[in-house]
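Structural characterization, general
Now for the letters of each chain:
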Amino acid sequence: DRPASKYARLDGLPVVTKHDLRAALHEFPLPAYRGKVFKVHTSGSTGEPMVYYRSREQESWFWGLRLRMWNWAGYQPGEPYLTLNLNPRTALRKRIQDVLFRCSYHGFNANSHDVEAVVRDLRRYRTPNLIGYASSLFLLSRAMRELSIPNPGVRTILSTGDTLLPNYRSTIEH
């Protein structure tokens, strides 16, 4: 039994964990489903990487919601953006996506980061949008401050993946 939540109407609903989904991965996609499915791999930023499937409709909703959130933050479709991610992009589909969306991609985490390369690309491509894991954005912002590197023209920052802790946010905003 789990303790009561502040959402009493939801109490009693089963909680499906990542462990549950991993254990049942062989059961997906359901044999009765005849549509196209997309196999999705998470980075594992909050623990072990995850694999799951989305239908074509779910994939469409995913991109519609993503672009709407980005638009709320100030991103306009067609503008270049730079993404900081924990893992390299190797899949051909992802590389094509990056070209079509005008995305510069950098692997950037606690073990591997090149602040000068990121800033150089932001300047070179006049990139107004920066997207990345909160921890990567924090590391970049902190390093830029320590190296006295001014903002190279970024006007929109979108945090994804791991939790945007208050000290991360404060450092990123300055």
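Just so you know, these numbers come straight off a predicted model, no measurement behind them. (Residues numbered from 1 in each chain as written. Predicted model: local features only at pLDDT ≥ 70, side-chain atom pairs only at ≥ 80, totals over all residues. Heavy atoms only, no water.)

Let us look at unusual backbone geometry. Omega for the bond connecting F28 with P29 falls within 30 degrees of zero, at -15°, which places this linkage in the cis form. Within the secondary structure, P29 is located in the loop between α1 (18-23) and β1 (37-41). The phi dihedral of R102 falls on the positive side, at around 60°, and the residue is not glycine. Along the chain, the position of R102 falls in the loop between α3 (92-100) and β4 (103-107). (Helix = DSSP H or I, 4+ residues; strand = E, 2+ residues; numbered from the N terminus.)

Moving on to helix α5 (residues 134-146). Under the 1.5 Å per step criterion, the end-to-end length of α5 is 18 Å for 13 residues, consistent within 8% with the ideal 18 Å. Counted residue by residue, α5 has 10 buried out of 13 residues, so it is predominantly covered. Here α5 has its buried residues at A134, S135, S136, L137, F138, L139, L140, S141, A143 and M144. Here the buried face of α5 lies against β3 (81-85), α4 (115-124), β5 (129-133), β6 (156-160) and α6 (166-173). Following α5 by one or two positions, S148 adopts a phi angle in the positive range, close to 55°. (Expected span 1.5 Å × (residues − 1). Buried < 20%, exposed > 50% of the residue type's maximum accessible area, 1.4 Å probe, protein only. Contact = heavy atoms within 4.5 Å.)

Along the chain, Y105 turns up in strand β4. Here the alpha-carbon distance between Y105 and R89, two residues 16 residues apart in the chain, equals 7.8 Å. Not counting chain neighbours up to four residues away, the residues in contact with Y105 comprise T83, N85, N87, P88, R89 and D98. Within the structure, the side chain of Y105 is placed 3.3 Å from the side chain of N85, a separation counted as a polar contact. (Polar contact = N/O pair within 3.5 Å; in protein donor to acceptor, adjacent residues only side chain to side chain.)

Another aspect to go through is the pattern of salt bridges. This structure, assessed with the given rule, holds seven salt bridges. For the salt bridge of R169 with E173, the shortest nitrogen-to-oxygen distance reads 2.8 Å. Within this pair, R169 and its partner E173 are both found in helix α6, separated by four residues, close to a single helical turn. On the accessibility criterion, E173 (53% relative accessible area) is exposed. One continuous salt-bridge network, built from bridges that share partners, spans R54, E59 and R93. (Salt bridge = Lys/Arg side-chain N within 4 Å of Asp/Glu carboxyl O.)

Let's shift gears to the side chain of S104. With respect to the helices, strands and loops of the structure, S104 is situated in strand β4. S104 gets classed as buried once you look at its relative accessible area, which sits at 14%. Sequence-distant contacts of S104, defined by excluding residues within four places in its chain, comprise Y81, L82, T83, D121 and Y125.

Right, let's get into the environment of E79. Relative to the assigned elements, E79 resides in the loop between α2 (56-73) and β3. Judged by its relative accessible area of 18%, E79 falls in the buried class. Separated by 43 residues in sequence, E79 and K36 have C-alpha atoms that sit 30 Å apart. Setting aside residues no more than four positions away along its own chain, E79 makes contact with G74, F101, R102, P128, N129 and R155. A distance of 3.0 Å separates polar atoms of two side chains, one belonging to E79 and the other to N129. Looking at E79, its side chain comes within polar contact range of the side chain of R155, at 2.8 Å.

Moving on, we come to the packing of aromatic side chains. Under the counting rule described, the total for this entry stands at six aromatic pairs. When the ring of W70 is compared with that of Y75, the centres are 5.3 Å apart and the planes differ by 85°; the resulting orientation is edge-to-face. A relative accessible area of 6% places W70 in the buried class. A ring pair is formed by W70 and Y81, whose centres lie 5.1 Å apart and whose planes are at 65°; its orientation type is edge-to-face. Of the two residues, W70 sits in helix α2 while Y81 sits in strand β3, which places them 11 residues apart along the sequence. In this pair, the class of W70 matches that of Y81, namely buried. One aromatic cluster is present, formed by F62, W63 and F101 through successive ring pairs. (Phe/Tyr/Trp six-rings, centres within 6.5 Å; stacked < 30°, edge-to-face > 60°.)

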